[in-house]
Amino acid sequence: TGVAKLVLKCADAATTKIEKVNSSGEFTIYNGGAGAAENEEHIVIHNGVQDKDIIFKVNDGGTSAAAMTITGATKKVTIEGDLEVNGTTTTIDSTTLTVDDKNIELGSVASPSDSTADGGGITLKGATDKTILWVNSTDSWDFNQQVKVTGAITSTSTITGTALDGCQVDGGTF
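No experiment lies behind these values; they were computed from the predicted model shown.

Student: Residue-level account of the overall build of the protein chain, with values.
Tutor: Across its full length, the protein chain carries 1 helix and 10 strands. For the protein chain, the α and β elements follow one another from N to C terminus as β-β-β-β-β-α-β-β-β-β-β. Taking all 174 residues of the protein chain together, the buried fraction comes to 5%. Sequence separation of at least 24 residues holds for 10% of the intrachain contacts in the protein chain that already meet a minimum separation of 6. Total accessible area on the protein chain stands at roughly 15,400 Å², and carbon and sulfur atoms take up 50% of it.

Structure representation (structure tokens):
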């Protein structure tokens, strides 16, 4: 077994090493105790052992628990618990975004109203944007592209439009 080392390299090429490890190969960085100053640009944490993980642990009520793991073999980052991101823009650069929850909230504000929801929706980027947007003045979801339906359309209210060709109503076709 090797000895775990943490090397902090600062912008001015100064290096601080923490080499003291416990019997399980872990090391500890105490707040303010690692030698990194506020004005230095980068702190690099590097695991030089091939395919080994970097694990960030927290003290959860007296028990050490993994809060984040970076898997060396796959570069997968796993965060245990909730993730909160504060900022103006959050960018996810992924081919596929998978969400286990079946409900996605948009426009979550302290005091939601139809006015705060106005203009909210989904935009699919293409040669021209394809949108599904809430328009408060018409109290409706507006699609900027046609909607193709392969099943039945059921309404509990009046369906209006200028072209309802080929519609079947109560057995009759119009």
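Student: Help me get a handle on the sheet that holds strand β3 (residues 54-60), residues and values and all.
Tutor: With antiparallel pairing, 3 strands are arranged side by side in an open sheet as β3-β4-β5. Both outer strands of the open sheet, β3 and β5 (77-79), are each paired with one neighbouring strand and no more. Ignoring which end each strand starts from, the neighbouring axes of this sheet average 35° apart. Of the pairings in the sheet, the one linking β3 to strand β4 (residues 63-70) comprises 7 bridges and is antiparallel in character. Within β4, the residue paired with Ile 54 across the bridge is Ile 70.

Student: I'd like a rundown of the packing of aromatic side chains, residues and numbers included.
Tutor: Within this structure, the stated rule accounts for 1 aromatic pair. The interplanar angle of 70° and the centroid separation of 5.7 Å between the aromatic rings of Trp 134 and Trp 141 together place this pair among those described as edge-to-face. Its relative accessible area of 13% is what places Trp 134 among the buried residues.

Conventions used here
- Residues numbered from 1 in each chain as written.
- Predicted model: local features only at pLDDT ≥ 70, side-chain atom pairs only at ≥ 80, totals over all residues.
- Heavy atoms only, no water.
- Helix = DSSP H or I, 4+ residues; strand = E, 2+ residues; numbered from the N terminus.
- Buried < 20%, exposed > 50% of the residue type's maximum accessible area, 1.4 Å probe, protein only.
- Contact = heavy atoms within 4.5 Å.
- Areas by Shrake-Rupley, 256 points an atom, 1.4 Å probe, with all protein chains shown as cover.
- Pairing = 2+ DSSP bridges.
- Axes fitted to C-alpha atoms, helices over the stretch in contact; angles between N-to-C directions.
- Phe/Tyr/Trp six-rings, centres within 6.5 Å; stacked < 30°, edge-to-face > 60°.

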